[in-house]
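Residues per chain, in single letters:
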Amino acid sequence: MHKFVIALRWFAFLSVLIGSHASSAAESQREIVITNDGDYFGFDLRVEKDVDIGLCETICLSDKQCNAFTYNPKVQWCFLKTDFGKLKSVPGSIAGKVIEVAARENLGAPEPLAFTGNYVDAAAQYRATILAAPLEEDLSASQLAAAAQDAEQAGDNRNAAFRYGQAIAADPDNAQLWNGLARGTLGITPSADEGYILQQSALSAAVNAYQTSRNVDERSEALKLLGQALDRNSDGRATIDAYKASLELQASAQTDAALLDARARYGFRILGNTIDADAETPRACIQFSEDLTDADYTNFVRLDDAEPQALTAQGREICVDGLKHGSRYRLTLRAGLPSVVGENLEKPVALNLFVRDRAANVRFNSDNFVLPGSARRGIPLVSVNATSAKIDVYRVGDRSLTQILDESQFLRQLDGYSVEKIKSEIGA
């Protein structure tokens, strides 16, 4: 499913402009992330000998040029690095990298999202695919991130997505990079054969961005991008939930507008209405996009500006009974009408209804009628809006009946015989 990393190699590389991460306006502090049995190869600054792992960390944190290290516990050597690339597996070695932690509140690991349950496994597979891909060039995570930012600012979303994926391979727990990958992927105009792959890749990138986020900015951005990706996937209810979760963390006019648009297309709304005009007592029913609650809906429905005489609300439908044939009605649903998803009808809706006369029909007073051979001179019929009826009567003699079925079978299965079948079998 997730072949995006491979697919992105189809295009040729442009020259890479190497730069540094944009500095954050917020104050930050440096922390070390340790990985056992790992090695950050290259980008050597200097070597500190005869030190333990604790002192190695302290030396690196105190030197602004140090952004990573590899520690060899056998000889107690600390290899300080100016930067780091993709982590290599080296048994016994200890790798450390410096991360900038904003002074703002650390939100910690995010709670699982109910509406992303179907996408978490795919996101984990996508992450594994990216981490397994080799780096195309011997660049550090910060250099790859800078190249990705340059490509994004230039509007080259395909190259930006590729560069963000490469940077993630070197720095997989960086939510800003995952957000960049989701943005870049969403911005790509797909070819005929890659639309679905890009759609699922953007969704997986946004899920990983959310899972690695640790502050408000990262998490709200991840949820906004997740909403966009879910919308591309036509998962309407989840789209709304993602935008709402983003806005709960941080106000955004852009996200608010996206939420309003998603609610108009996917939210709690009226889907249509039907009128059962052929019933003896007509009824009008309104269908909704979501299930209704067990609330009393009488106060939310008006029939010609009055309370309906009979109203039922069940499932996703509200029905008003007691209408009259040939009459016109104005049925109004008030704003605030609730649903089980916690959304209310945002605006009042007025429906102009016309109940037509019952369609003309003639029937027996039961499912069928068999006229006895004697002692009966009429056939009971029930008619609606009909002044006449054409009836074909077929006489079936005793001998003919035996040709169809024996008597017991005939009585049991008469309902299964049409006029045409009886005529064919008795030779009428």
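Our subject is the structure that appears above.
One structure accompanies this document, and this report is about it. (Residues numbered from 1 in each chain as written. Predicted model: local features only at pLDDT ≥ 70, side-chain atom pairs only at ≥ 80, totals over all residues. Heavy atoms only, no water.)

## Here's the deal with the sheet that holds strand β9 (residues 310-314)
Phase 1: Within the open sheet, the four strands sit side by side as β6-β7-β10-β9. Their pairing is antiparallel. With partners counted over all chains shown, the strands left at the sheet margins are β6 (270-276) and β9, one partner each. Strand-to-strand, the axes of this sheet are offset by a mean angle of 15 degrees, without reference to chain direction.
Phase 2: Where β6 and strand β7 (residues 283-288) come together, six bridges link them in antiparallel fashion. Bridge pairing links aspartate 276 to arginine 283 in β7. (Pairing = 2+ DSSP bridges. Helix = DSSP H or I, 4+ residues; strand = E, 2+ residues; numbered from the N terminus. Axes fitted to C-alpha atoms, helices over the stretch in contact; angles between N-to-C directions.)

## Overview of the pairing of β9
Phase 1: Two elements, β9 and strand β10 (residues 317-321), share five bridges in a ladder whose sense is antiparallel. Within β10, the position partnered with alanine 313 by the bridge is isoleucine 318.
Phase 2: Linking β9 back to β10 in an antiparallel pair, the connection comprises two residues, with glycine 315 at a positive phi of about 60 degrees.

## Focus: the environment of tyrosine 243
Phase 1: For tyrosine 243, the position within the fold is in helix α9 (residues 236-249).
Phase 2: With residues near it in sequence (within four places) discarded, tyrosine 243 still touches Lys224, Gly227, Gln228, Thr255, Ala258, Leu259 and Ala262. (Contact = heavy atoms within 4.5 Å.)

## Observations concerning the state of the cysteines
Phase 1: Taken as a whole, this structure holds three disulfides when the rule is applied.
Phase 2: A disulfide bridge connects cysteine 285 with cysteine 319, and the sulfur atoms are separated by 2.0 Å. Taking the sign of the S-S torsion, 110 degrees for the link of cysteine 285 and cysteine 319, the bridge is right-handed. On the criterion of sequence distance, the pair formed by cysteine 285 in strand β7 and cysteine 319 in strand β10 is long-range, its members being 34 residues apart.
Phase 3: A residue is classified by how much of its surface remains accessible, and cysteine 285, at 6% relative accessible area, is buried.
Phase 4: For cysteine 319, a relative accessible area of 3% translates into the label buried.
Phase 5: Counting its disulfide-bonded cysteines in sequence order, the protein chain shows a connectivity of 1-4, 2-3, 5-6. (Disulfide = S-S within 2.5 Å. Buried < 20%, exposed > 50% of the residue type's maximum accessible area, 1.4 Å probe, protein only.)

## Quick look at the pattern of salt bridges
Phase 1: Tallying each qualifying case throughout the model produces 17 salt bridges.
Phase 2: Across the pair aspartate 44 and lysine 81 runs a salt bridge whose closest N-O atoms are separated by 2.7 Å. Placement of aspartate 44 in strand β2 (residues 44-49) and of lysine 81 in strand β4 (residues 77-81) is noted, with a sequence separation of 37 residues between them.
Phase 3: Taking the relative accessible area as the measure of exposure, aspartate 44 reaches 54% and is therefore exposed.
Phase 4: Between arginine 183 and glutamate 221 there is a salt bridge, with its nearest N and O atoms 3.4 Å apart. With arginine 183 in helix α6 (residues 175-187) and glutamate 221 in helix α8 (residues 216-232), this residue pair connects regions lying 38 residues apart in the sequence.
Phase 5: Beyond isolated ion pairs, a larger network of salt bridges with shared partners links Glu152, Arg183, Glu221 and Lys224. (Salt bridge = Lys/Arg side-chain N within 4 Å of Asp/Glu carboxyl O.)

## What about helix α7 (residues 195-212)?
Phase 1: In a regular helix each residue adds 1.5 Å, so 18 residues correspond to 26 Å; α7 covers 26 Å between its end C-alpha atoms and thus fits that length.
Phase 2: In terms of residue burial, α7 counts as a mostly covered element, since 14 of its 18 residues are buried. (Expected span 1.5 Å × (residues − 1).)

## Describing the packing of α7 against α8
Phase 1: Look at α7 against α8: their axes get within 8 Å of each other, and the N-to-C directions meet at 155 degrees. Relative to α8, α7 is oriented roughly antiparallel. Every pair of crossing elements has a handedness; the one defined by α7 and α8 is left-handed. Contacts between α7 and α8 involve Gln199, Ala202, Leu203, Ala206, Val207, Ala209, Tyr210 and Thr212 from the first element and Glu218, Arg219, Ala222, Leu223, Leu225, Leu226, Ala229, Leu230 and Arg232 from the second.
Phase 2: Of the residues belonging to the contact of α7 with α8, the class tally is twelve nonpolar, two polar and three charged. (Parallel < 35°, antiparallel > 145°, perpendicular 65-115°, else oblique. Left-handed = near helix turned anticlockwise from the far one by under 90°. Nonpolar A, V, L, I, M, F, W, Y, C, P; charged D, E, K, R; others polar.)

## Some remarks on the side chain of arginine 302
Phase 1: Relative to the elements of secondary structure, arginine 302 occurs in strand β8 (residues 301-303).
Phase 2: Comment: no salt bridge for buried arginine 302; closest opposite-charge side chain is glutamate 307, at 4.8 Å.
Phase 3: A polar contact of 3.1 Å, which involves the side chain of arginine 302, links it to the backbone oxygen of threonine 298.
Phase 4: Excluding residues that lie within four positions of it along the chain, arginine 302 makes contacts with Glu307, Arg330, Leu331, Thr332 and Arg334. (Lys, Arg positive; Asp, Glu negative; His and termini not counted. Polar contact = N/O pair within 3.5 Å; in protein donor to acceptor, adjacent residues only side chain to side chain.)

## Quick word on unusual backbone geometry
Phase 1: Here aspartate 37, not a glycine, exhibits a phi torsion of approximately 60 degrees, which is positive.
Phase 2: Positionally, aspartate 37 belongs in strand β1 (residues 28-40).
Phase 3: The phi dihedral of serine 234 is positive, around 60 degrees, even though this residue is not glycine.
Phase 4: In this fold, serine 234 is placed in the loop between α8 and α9.

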